[in-house]
Structure formats: structure tokens, C-alpha cells
Number of protein chains: 2
Amino acid sequence: MLSTSRDRVRRTEVGKINRDAHQPTTVRHRGHVEQHWADGTVRRIEAKAHVFTQGDAKTHVYKVASGAVCLYTVLTDGRRQIIEFALPGDVVGLGAASVQACNAQAIVSTQVQCLPVAALLKAAKKDPEIALKLYEAISRELLATREHLLCLGQRGACERLAAFLVVLSRRNAARGADPRIVKLPMTRLDVADFLGLTIETVSRTLSKMKRQGLIEIDQITIVRLKDDGKLLRLADGGARV
Amino acid sequence: MLSTSRDRVRRTEVGKINRDAHQPTTVRHRGHVEQHWADGTVRRIEAKAHVFTQGDAKTHVYKVASGAVCLYTVLTDGRRQIIEFALPGDVVGLGAASVQACNAQAIVSTQVQCLPVAALLKAAKKDPEIALKLYEAISRELLATREHLLCLGQRGACERLAAFLVVLSRRNAARGADPRIVKLPMTRLDVADFLGLTIETVSRTLSKMKRQGLIEIDQITIVRLKDDGKLLRLADGGARV
DNA sequence: CGACTACTTGACAAGGATCAAAGTTGGTGG
DNA sequence: CCACCAACTTTGATCCTTGTCAAGTAGTCG
């Protein structure tokens, strides 16, 4: 970010980084956590509405059921950093602090399951298994955030985009979808704010990758990975543009 | 980071971001955690030696007793991102993963207390209080890392340095030291790798701040904050250079 | 007092930002 | 069904911050 940018505008989005805490296969221990989620109420949030904002009392933890949410923070002059994209299955609002430190905004019409933290903590205080699940879930978030930190601190524009696509591709693979076809439901601006770039740089870089045969783009939101090996090397610093 | 930088060299350091989990005032609940720390063995690590490296089995959690440690990750071409600096009282190695995802290196001769994770987890499984302490501790790390992410993604060089100094200043204040006098035991290279800049930019930016009367520098490692109000505004995006 | 290592400073280049404008896409209403 | 409009995206030209390359300075240790 070279200078001032006070004109950050609006959004629409998707894409995500950290895996959520409650994978049926693992959680089968006793079923506590799923039970709690099942008890939670469901809330519908329209596109661009906030699930919560910075400073809100942390009353609930939210699990994305459908749609997509982005977590972000802002500087006083309006510059925005998107911390992560939360997709179905992902949880937002974890953390032991009593107030929310970020903003969470739906990027498309979204449904979330709401779990009251009071109940969750009460359960955790009785059942260490649940407390440890919280620990595991937030550990995963921390890992993903550190990876992102490496991205922003050390990688150039191409590398950031490549890393971004690779992560989304992996998420696809993890949920059984085609890892070669990545859907970008979020705006270019969202991608830019996630990667610490400008919208123009994102667009140009994507075009460049297209020219180089690394990817193809359909109707703006669908990216087809043509050479994920090279993308991977690009992201890991093992290849020059 | 504009291009390739394959020539990253060596270090020496200090500086830190996240507060540790075990503040006597809060932990007085039952004393479990302190008890565990007291049981742990102490290990001495000389400057530049690693406490652990990426991929190591996560056998212990470490609490810095004296000295300083940096956590970092690297890209395959050698670019290094320092995640955080751990100072006395800070804990490194938390996280539910079974292997270390980062490298932890002493930047000066350091002593750490080692706590076997096996014992810690066993205790946590019996006592939810302990499990929740883990959750709280790692929640704090996540918050600090997100703040850092905002820094790398959105702030320019001056702003990054200002934010860095402000954080160190606050840490001083938190431990009762003079917030206006910040010691930088780490190398300029370490600062650069922490902030996603080059050593030259760090040096130049510090010099510029000095010329502007924001800071004074004694014997390279001591920074005197002359105008912390303006530094704060700089860091928060509320001021132009 | 040399040889290191770390830091600073300068000149130049390059990646990405900014400014500007044109091309797409999707929704609305006639 | 199509014209129009707003929002989003792409592309181009130019500027600026920061990286790169290259000296030069300053402490440290033997």
C-alpha cells in the first residue's frame, strides 16, 4: 500500500481460509459440540449486512450455514484489511475476548447458526472436551492467519494471487469439489483488500496469469487452474514470474 | 516486497507483540497453570540457536524466562517473515497441531521454561479451567497476529514502523516500564523481516522519523519516543507522513 | 589496529498505486 | 425485447514508494 486511499467502496464476496472446528468425523467423540450447534438459532443476513461489528459484545459464535462472510478490520482513514473469508461450515466470532475485535459482513445473502457464548462457555467449563475443541478451532485460525501474514509480508502481487487461488483450490479439494475450478464469489475489491493490493493490480495480475496460461476465467467469477504446479511454485517462492 | 531477495542473512533481536497467558492477577483461580510452569524444566538457548523448527514434533510449550525469541516462517527461496517476538513472560509453541508450524529462534541468549504438551493436555482434559486458559492464551495470539496482518496489508513503511514502536511502547507500559523509551534488542534485519520491509527502508524510515522529531535514537538500540501522539495517529492511518 | 558485523546513506530501478477512461454485466422500466 | 443505468472490471498512462545495488561509517572482537 503506497499511499492514502481514502475512497474504499463496497463489496460482494466469498472465499475462505481456515477450516472450521467441527468436522463430523473428528467430533464424534461425544457429540457435544454438534448438539450445541443443533440447538442454536438460525439467522438470515442479507448481502452487505453485518453479522457483528467491532466493539459489539461477543454474545454469539456463528457458523456459516450458507452464503459467505468476510471478517475485516479498518484503519481510521477507511483502509480495510479483510482477515478471512468464511464459507459454509466455517465458524466466525471465536476468541476469548468479551467484545468483537473485527467486523463480520455477509458478502452474499447468508444464513448462520448462532450459538450463545454464555452457553458455550458454561458447557466448556463442565466438559474439557468442549474447551479443547475451542482451543483446536482457534489454533487452526491462527495457523491460517500466520500463513496469510507471510503472504502479505513477503510475497509480491503474482505470488499473493497464486497463493490465494491455491488455498481456495485446496478448500475445494477438502470438500470433495474439483480443485481445478475455483469460484470467486467475492468482488475484486474484496480480493484486493484481502491481499493488500489494489483492485487494479488484482485485475491486471489475473489478466497476466491468463496470458501466461496459468489460469482461465469464465464470467469473472470462475477461475480454472491450468497449471496448479506452477501456481504452487509461484506461491511458495520457488519460481520467478 | 518488490522482488526476489534471495540473500537474507543473519540476525539478533527482541521485541514482542502478544501478551502471555499467565498473569498472576487473573490466574489465581486455582493455581493450576502456574503449578505446571513451576514443574517444567528450564532450558538455556544461546543466541541464534533454535528452540524448535518447523516440522518438529510439538513436545513442549515454552515460556520465555529471560532473553528473547522470534517466531518465523520462510519461503522456499529464503524470504523470512517474523511472526512475532517473544519476550520474558511470553509463551511460544501453543497450538493444537501435532507439529510445529514455525521456527522459534533465540535472538539473544535465552532461558525458557519447558512444559511437556502431553502433561498439559492431560491436565486440560481433567480440568476445563486449564483448557480454557489455553483457549484464552491463543486467542490473544490471534488478535495480535490480526493486528499485524492489518499492518502488513494496509500500512506504508512509516506507518508500520510507527505501529511497531507503539506496540513496544505499550508493552513497556504494561510491565511498568517507561513507555517513552523503547529498547530494540533485535537487528534492523529482524525488524525488516517482521514488518515486511527491507533493512534499508527500516533504516531510512527511522532516520526520517528522527529528522521529523518523532523519535531519538541512542546507540542504535534505544528509541526515545518524542511524540507518541503523532506516532499513534501515523500508525492508525489518521495522519499523513 | 585490522577484520567483522551491523547500520546508514545515496543513486537508480521496478513493482504497484493512482488517475483516467473504456468495456462488461445485470437489473429496470418502457 | 431492448434501451438505459449503475456497479464492477479491465486496461492504459504516469507517478511514487520501496527495493536493489553500492559505498561508506561505526562499533566489536581478536
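Thresholds applied
Residues numbered from 1 in each chain as written. Chains lettered and ligands numbered in written order. Predicted model: local features only at pLDDT ≥ 70, side-chain atom pairs only at ≥ 80, totals over all residues. Heavy atoms only, no water. Helix = DSSP H or I, 4+ residues; strand = E, 2+ residues; numbered from the N terminus. Buried < 20%, exposed > 50% of the residue type's maximum accessible area, 1.4 Å probe, protein only. Contact = heavy atoms within 4.5 Å. Areas by Shrake-Rupley, 256 points an atom, 1.4 Å probe, with all protein chains shown as cover. Pairing = 2+ DSSP bridges. Axes fitted to C-alpha atoms, helices over the stretch in contact; angles between N-to-C directions. Core = buried A, V, L, I, M, F, W, Y, C linked by side-chain atoms within 4.5 Å. Least-squares fit on C-alpha atoms with pLDDT ≥ 70 in both. Phe/Tyr/Trp six-rings, centres within 6.5 Å; stacked < 30°, edge-to-face > 60°. Arc of directions from axis to C-beta. Parallel < 35°, antiparallel > 145°, perpendicular 65-115°, else oblique. Left-handed = near helix turned anticlockwise from the far one by under 90°. Nonpolar A, V, L, I, M, F, W, Y, C, P; charged D, E, K, R; others polar. Salt bridge = Lys/Arg side-chain N within 4 Å of Asp/Glu carboxyl O. Buried area = accessible area lost by both parts, 1.4 Å probe. Polar contact = N/O pair within 3.5 Å; in protein donor to acceptor, adjacent residues only side chain to side chain.

Asks: Explanation requested: the overall build of chain A in the structure shown.
Replies: Looking only at helices and strands, one finds 8 helices and 11 strands in chain A. Expressed as a percentage of the 241 residues in chain A, the buried residues total 54%. Once local pairs closer than 6 in sequence are excluded, the contacts in chain A between residues at least 24 apart make up 75%. Here chain A displays about 9,900 Å² of accessible surface, and carbon together with sulfur accounts for 54% of that area.

Asks: Please explain the sheet that holds strand S10 (residues 215-218) of chain A as it appears in this structure.
Replies: Strand pairing in a sheet takes place through backbone hydrogen bonds and is either antiparallel or parallel in direction. Residues and elements named next belong to chain A. Ordered by their spatial adjacency, 3 strands build an open sheet running S9-S11-S10, and the pairing between neighbours is antiparallel. This sheet does not close on itself; its edge strands, each paired only once, are strand S9 (181-183) and S10. Taking each pair of neighbouring strands and ignoring which way they run, the sheet shows an average axis angle of 25 degrees. Pairing analysis gives 4 bridges linking S10 to strand S11 (residues 222-225), with the strands arranged antiparallel. Looking at S11, one finds that Glu216 is bridged to Arg224.

Asks: Please explain the nonpolar core as it appears in this structure.
Replies: A general tendency of soluble globular proteins is for nonpolar side chains to be buried together. If you look at the biggest cluster of nonpolar residues, it comprises 36 residues, and the most contacted ones within it are A:Val61, A:Leu94, A:Leu134, B:Val61, B:Leu94 and B:Leu134. Of all the secondary structure elements, the ones that give two or more residues to this core are helix H2 (32-39), helix H3 (117-126) and helix H4 (128-154) of chain A together with helix H2 (32-39), helix H3 (117-126) and helix H4 (128-154) of chain B. For B:Leu134, the contacting residues outside a window of four places in its chain are A:Leu132, A:Tyr135, B:Leu94, B:Leu120 and B:Ala124.

Asks: Please explain the relation of the copies chain B and chain A as it appears in this structure.
Replies: A rotation about an axis combined with a shift along that same axis relates the two copies of the chain. Expressed as a screw operation, the relation of chain B to chain A combines 0.0 Å of axial shift with a rotation of 180 degrees, fitting to an RMSD of 0.0 Å. Taken together, the rotation angle and the small translation identify this as a two-fold axis.

Asks: What is the right way to look at the packing of aromatic side chains in this model?
Replies: The description of an aromatic ring pair rests on the distance of the ring centres and on the angle between the ring planes. Residue and element names in this part refer to chain B. A complete count under the given rule lists 8 aromatic pairs over all chains for this structure. Centroid distance Phe85 to Phe194: 5.0 Å. Interplanar angle 40 degrees. Geometry classified as tilted. Of this pair, Phe85 sits in strand S5 (residues 80-86) while Phe194 is found in helix H6 (residues 188-195), placing the two residues 109 residues apart along the sequence. Judged by relative accessible area, which is 0%, Phe85 ranks as buried.

Asks: Quick question: what am I supposed to make of helix H8 (residues 228-236) of chain B here?
Replies: Each turn of an α-helix holds 3.6 residues, which means side chains three or four residues apart point in the same direction. All names here are of chain B. Three or more residues of H8 are buried, namely Leu231, Leu234 and Ala235. Down the axis of H8, the sector holding all buried residues measures 95 degrees, keeping them to one side. On the buried face of H8, the contacting elements are helix H5 (157-174), helix H7 (199-211), strand S10 (215-218) and strand S11 (222-225). Backbone geometry just downstream of H8 places Gly237 in the positive-phi region, at approximately 85 degrees.

Asks: Whenever I open this one, the packing of helix H5 (residues 157-174) of chain A against helix H8 (residues 228-236) of chain A confuses me. Can you help?
Replies: Relative placement of two packed helices is described by the angle separating their axes and the distance separating the axes. All names here are of chain A. Interhelical geometry of H5 versus H8 gives an angle of 125 degrees and a closest axis separation of 8 Å. Taken together, the axis directions place H5 and H8 in an arrangement best described as oblique. The element H5 and its partner H8 pack so that their crossing is left-handed. Only Leu231, Leu232, Leu234 and Ala235 of H8 make contact with H5, whose side of the interface consists of Cys158, Glu159, Ala162, Ala163, Val166 and Arg170. Broken down by class, the residue content of the contact of H5 with H8 amounts to 8 nonpolar, no polar and 2 charged.

Asks: Could you clarify how one ought to interpret the pattern of salt bridges in this entry?
Replies: Pairing between side chains becomes possible if they bear opposite charge and their charged atoms approach one another. What the rule picks out here adds up to 24 salt bridges over all chains. Three or more residues are tied together by salt bridges with common partners; here these are A:Glu216, A:Asp218, A:Arg224 and A:Lys226.

Asks: Would you mind showing me how to read the pairing of strand S4 (residues 69-74) of chain B here?
Replies: Side chains on a regular strand alternate between the two faces of the sheet. Among the 6 residues of S4(B), 5 are classified as buried, and the element is accordingly described as predominantly covered. Taken together, S4(B) and the strand that follows it, S5(B), pair antiparallel across an intervening segment of 5 residues, in which B:Gly78 is found at a positive phi of about 100 degrees.

Asks: Sorry, what's going on with the interface of chain B and chain A here?
Replies: Taken together, the contacts link 54 residues of chain B with 54 residues of chain A. Where chain B abuts chain A, roughly 4,600 Å² becomes buried across the two surfaces, and 65% of that area is made up of carbon and sulfur atoms. Ranking the residues of chain B by area buried against chain A places B:Tyr135, B:Leu149 and B:Gln154 at the top, with a combined share of 17%. Linking chain B with chain A are 4 salt bridges. If you look at where chain B meets chain A, you find 16 residue pairs in polar contact (both at pLDDT 80 or more). Contributing elements (two or more residues each) for the side of chain B that touches chain A: S4, S5, H3, H4 and H8 of chain B. Top element by residues in the side of chain B that touches chain A is H4(B). It accounts for 19 residues. Looking at side-chain class alone, the side of chain B that touches chain A contains 24 nonpolar, 14 polar and 16 charged residues.

Read these as geometric descriptors, not functional statements.
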